[in-house]
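# Notes for the structure review
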Amino acid sequence: MKVSPKSVFITGCNRGIGLELVKQFLSLETPPKNLFATFRKVSDELKDLDAKNPNLHLVQMDVIDHNSYPEVVKKVGDIVGDEGLNLLINNAGLLPTNRDLASVTPEAMRDAFEVNCIAPLFLTRAFLPLLEKSAGQPSSSDRSVHRSAIIQMSTAVASIAENTGGSTYAYRCSKSALNQCMKSMSVDLSNKGILVMAMHPGWVLTDMGGPNAQISTETCVTGMLDTLDQLGDKDHGAFLRYNNTPIQW
């Protein structure tokens, strides 16, 4: 990707993949006119980026605080105006540490569903008026991230067909549920011109991915931006890896 969508909203940007998405969007030849990055507790890196980039807007929010959504949407709407929001990336996620059958708890299941499934569904619904505005702008008829798109950050371990390792109950189940939400939304919004899909970022060297992960955040996000740039009508309702290869449901 060389040219960014005009406006981008990303959740969970304090560290890891979210922070790297912010960095790489800002470093594009044509960066976003407005880039919104959410955090719960701001990191020094994110603050430094904010100080150097007037097109970056930091938004403090906890994605499970549904009461905060109207204020957040209004803040974004006041800035983007009639152009609307082009790209929403629901990146914030939770991987509980009690992963196996013996240690998983109802609380871990509920916490994971709140962050990984419920929040992306309802935050997306809150942003629909702004996404519909961007979809209605004069442009090509094809869906794309440059027109209007919702990216749900999923994971390959959400795949039922590819589950050969077991365990990781809360994370697997909540992300599988996210995929189902994404698929239903892709059907419900089929006539709106909004691209809806789920993406697996890879096994990434982050606090969540752990030290045995296979790729860096830089490699992940570079591949992800290239894939996002290529998405079109054929990818509406799809479940893809960061490198633009399909994942079995």
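Let us look at the structure shown here. Here the structure is a predicted model, which means the values were calculated and not measured.

## Considering the packing of aromatic side chains
The tally for this structure, following the rule as stated, stands at 3 aromatic pairs. When the centroid spacing of 4.7 Å and the interplanar angle of 55° are considered together, the rings of Phe9 and Phe127 count as tilted. Residue Phe9 is located in strand 1 (residues 7-10), and its partner Phe127 is located in helix 4 (residues 106-135); the two are separated by 118 residues in the primary sequence. The exposure class assigned to Phe127 is buried, which follows from its relative accessible area of 0%. Taking 5.3 Å as the distance between ring centres and 35° as the angle between the ring planes, the aromatic pair formed by Phe239 and Trp249 counts as tilted. Separated by 10 residues along the polypeptide, Phe239 in strand 7 (residues 239-241) and Trp249 in the segment after strand 7 bring together distant segments of the chain. The class of Trp249 is partly exposed, set by a relative accessible area of 44%. Taken together, Phe9, Phe36 and Phe127 form an aromatic cluster joined through their ring pairs.

## What to know about helix 3 (residues 69-80)
Think of an α-helix as 3.6 residues a turn; residues three or four steps apart then line up on the same face. Taking 1.5 Å of rise per residue, the 12 residues of helix 3 would be expected to cover 16 Å, and the 16 Å separating its terminal C-alpha atoms lies within 8% of that figure. Three or more residues of helix 3 are buried, namely Tyr69, Val72, Val73, Val76, Gly77 and Val80. Viewed along the axis of helix 3, the buried residues span an arc of 130°, placing them on a single side of the element. The exposed residues of helix 3 that point more than 90 degrees off its buried face are Pro70, Glu71, Lys74 and Asp78. Check the buried side of helix 3 and you find it contacts strand 1, strand 2 (34-39), strand 3 (56-60) and helix 4. Positioned one or two residues after helix 3, Gly81 has a phi angle of 65°, which is positive.

## A few points about the pairing of strand 5 (residues 149-153)
Counting buried positions over the 5 residues of strand 5 gives 5, a clear majority of the element. Residues Ala149, Ile151 and Met153 line one face of strand 5 and the alternating positions Ile150 and Gln152 line the opposite face, and both faces are buried. As paired strands, strand 5 and strand 6 (residues 195-200) are joined by 5 bridges and run parallel to one another. If you follow Ala149 over to strand 6, its bridge partner there is Leu195.

## Concerning the side chain of Asn55
Checked against the element boundaries, Asn55 lands in the loop between helix 2 (44-52) and strand 3. From its side chain, Asn55 meets the backbone oxygen of Pro32 in a polar contact 2.8 Å long. The contact partners of Asn55, leaving out residues within four places of it in the chain, are Leu26, Pro31, Pro32, Lys33, Asn34 and Leu35.

Parameters at a glance
- Residues numbered from 1 in each chain as written.
- Predicted model: local features only at pLDDT ≥ 70, side-chain atom pairs only at ≥ 80, totals over all residues.
- Heavy atoms only, no water.
- Phe/Tyr/Trp six-rings, centres within 6.5 Å; stacked < 30°, edge-to-face > 60°.
- Helix = DSSP H or I, 4+ residues; strand = E, 2+ residues; numbered from the N terminus.
- Buried < 20%, exposed > 50% of the residue type's maximum accessible area, 1.4 Å probe, protein only.
- Expected span 1.5 Å × (residues − 1).
- Arc of directions from axis to C-beta.
- Contact = heavy atoms within 4.5 Å.
- Pairing = 2+ DSSP bridges.
- Polar contact = N/O pair within 3.5 Å; in protein donor to acceptor, adjacent residues only side chain to side chain.

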